[in-house]
Amino acid sequence: MSKYGMIAGNGRFPLLALETARKLGDEVIVIGIREEAPPEIERLATRCYWISLGELSRLIEILKEEGITEVMLAGQVKHVSIFSTIRPDWRLFKVLASLKQKNTDALIGGVAKVLADEGIRLADSTLLLKPLLAGPGVLTRRKLSGDEERDIVYGRKIAHVLAGVDVGQSVAICERACVAVEAMEGTDAMLRRAASLANGKPLRLVKCSHRRGHLLFDVPVAGPRTIAVMQETGTSALAVDAGRTLLLDRDEMLNDANQAEIAIVGYEPA
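What comes next is a walk through the structure. Predicted, not measured: the structure shown is a model, and the values here were computed from it.

Let us now look at the overall build of the protein chain. For the protein chain, the helix and strand inventory stands at 10 helices and 13 strands. In terms of overall size, the protein chain behaves like a compact globule, its C-alpha atoms giving a radius of gyration of 19 Å where 270 residues would be expected to give roughly 18 Å. C-alpha extents for the protein chain along the principal axes are approximately 55 × 40 × 30 Å. Relative to its full complement of 270 residues, the protein chain shows a buried share of 55%. If you sum the accessible surface of the protein chain, you get close to 12,300 Å²; carbon and sulfur atoms cover 53% of it. Computed over 35 positive and 35 negative side-chain charges, the inter-centroid distance for the protein chain is 3 Å.

Take a look at the structure:
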């Protein structure tokens, strides 16, 4: 039996990781972010603590009390929350003051350094969910049409440039034009904005991972909700990075995509 620490954000990601750990008999001590994490984590965790966003000192205190030397980040924290509503304690205030850039990469990097100085290592956030990573090739019943493939090839070039500078993970493409770029609002809001600009023409969604050598945080995620919003916005195809994108509730997601005639393809990361 292994023992892990988990910092839980929002969405299905932490719940699925905890369900997997329980099946494997692993012990997971969860620190839930009060403003983000679902209450269901309490029933799945070995033990659960709650902290507010910004309580870095309390986080370290809990991990040390539990003897945790390896902790993973699971789930999202809204970018708007990180940079507008956060109330940092003295330790996090020092991290924020030291940042040369106010983006997620810089912030998590600063926090990781503080944790490392305390003997705590950030672990791969997909550690418990490797089977849910998208594979390469066509993942749905329907393949891409020629127009969809041309849009996606174009979109991947743009998305990887944007991800490289930590702007966002997704772009919406229509007829080889970039209609919308994801920033702090998230993929769903970005797709709805794109639909309002596309005049009823079909969109293609391209999600990509950051050009990092690790999957410690900010791993792209898609799931049944993604498919529902794609249907709502007239988005006919989804491209993801194989091996670096989590497909949550995978079977349900792919079934929903097949029912909606949406094509999903995994590409080898650029």
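The subject of this paragraph is helix α5 (residues 90-98). Residue pairs spaced three or four apart in an α-helix point in one direction, given the helix's 3.6 residues per turn. Among all positions of α5, only Arg91, Leu92, Val95 and Leu96 are buried. Summarising the axial view, the buried residues of α5 lie within an arc of 135 degrees, below the 170-degree limit, and thus occupy one face. Turned more than 90 degrees away from the buried face of α5, the exposed residues are Trp90, Phe93, Lys94, Ala97 and Ser98.

Quick look at the pattern of salt bridges now. Side-chain pairs of opposite charge can arise whenever the charged atoms involved come near each other. Evaluated as defined, the whole model comprises 19 salt bridges. Within the structure, one salt-bridge network assembled from shared partners comprises Arg142, Glu148, Asp151, Arg176 and Arg204.

So, about the packing of helix α3 (residues 56-65) against α5. Put simply, α3 and α5 touch, their axes get as near as 6 Å, and they point 120 degrees apart. It follows from the interaxial angle that α3 and α5 lie oblique. On α5, the residues that touch Leu56, Ser57 and Ile60 of α3 are Trp90, Arg91, Leu92 and Val95. The residue makeup of the contact of α3 with α5, split by class, is five nonpolar, one polar and one charged.

Before going further, it helps to spend a moment on the environment of Leu107. As for its position among the elements, Leu107 is in helix α6 (residues 104-117). Separated by 11 residues in the primary sequence, Leu107 and Leu96 place their C-alpha atoms 7.0 Å from one another.

With that out of the way, let us pick up the sheet that holds strand β4 (residues 70-74). Taken in spatial order, the five strands line up as β3-β2-β1-β4-β5 in an open sheet, and their pairing is parallel. Each edge of the open sheet is held by one strand with a lone partner, namely β3 (47-51) and β5 (121-123). Direction aside, the axes of adjacent strands within the sheet are offset by 30 degrees on average. Where β4 and β5 come together, three bridges link them in parallel fashion. Each bridged residue has a counterpart across the sheet, and for Met72 the counterpart in β5 is Ala123. Here helix α1 (residues 13-24) sits on the sheet in contact with β1 (3-8), β2 (27-33) and β4, set at roughly 165 degrees to β1. Packed on one face of the sheet, α3 meets β1, β2, β3 and β4 and runs near 165 degrees to β3.

This brings us to the environment of Lys113. Within the secondary structure layout, Lys113 lies in helix α6. According to the relative accessible area criterion, Lys113 is exposed, its value standing at 54%.

What follows deals with the sheet that holds strand β9 (residues 203-207). Spatial strand order, β6-β13-β11-β9-β7-β8: six strands in an open sheet with mixed pairing. Two strands lie at the open edges of the sheet, namely β6 (137-138) and β8 (177-181), each paired on one side alone.

This brings us to unusual backbone geometry. Residue Asn199 is not a glycine yet carries a positive backbone phi of 55 degrees. Here Asn199 lies in the loop between α8 (187-197) and β9. A relative accessible area of 71% places Asn199 in the exposed class. Although it is not a glycine, Glu261 sits at a positive phi angle of roughly 60 degrees. Here Glu261 lies in the loop between α10 (250-259) and β13 (263-267). Residue Glu261 is classed as partly exposed on the basis of its relative accessible area, which comes to 44%.

Turning our attention to the packing of α8 against helix α9 (residues 224-233). Their axes nearest at 9 Å, the elements α8 and α9 cross at an angle of 10 degrees. Taken together, α8 and α9 sit at an angle that is classed as roughly parallel. Side by side, α8 and α9 meet where Asp188, Leu191, Arg192 and Ala195 of the first sit next to Arg225, Val229, Met230, Glu232 and Thr233 of the second. Its residues assigned to classes, the contact of α8 with α9 shows four nonpolar, one polar and four charged.

Criteria and cut-off values
Residues numbered from 1 in each chain as written. Predicted model: local features only at pLDDT ≥ 70, side-chain atom pairs only at ≥ 80, totals over all residues. Heavy atoms only, no water. Helix = DSSP H or I, 4+ residues; strand = E, 2+ residues; numbered from the N terminus. Rg over C-alpha atoms; globule rule 2.2 N^0.38 Å. Buried < 20%, exposed > 50% of the residue type's maximum accessible area, 1.4 Å probe, protein only. Areas by Shrake-Rupley, 256 points an atom, 1.4 Å probe, with all protein chains shown as cover. Lys, Arg positive; Asp, Glu negative; His and termini not counted. Charge placed at Lys NZ, Arg CZ, Asp CG, Glu CD. Arc of directions from axis to C-beta. Salt bridge = Lys/Arg side-chain N within 4 Å of Asp/Glu carboxyl O. Axes fitted to C-alpha atoms, helices over the stretch in contact; angles between N-to-C directions. Parallel < 35°, antiparallel > 145°, perpendicular 65-115°, else oblique. Contact = heavy atoms within 4.5 Å. Nonpolar A, V, L, I, M, F, W, Y, C, P; charged D, E, K, R; others polar. Pairing = 2+ DSSP bridges.

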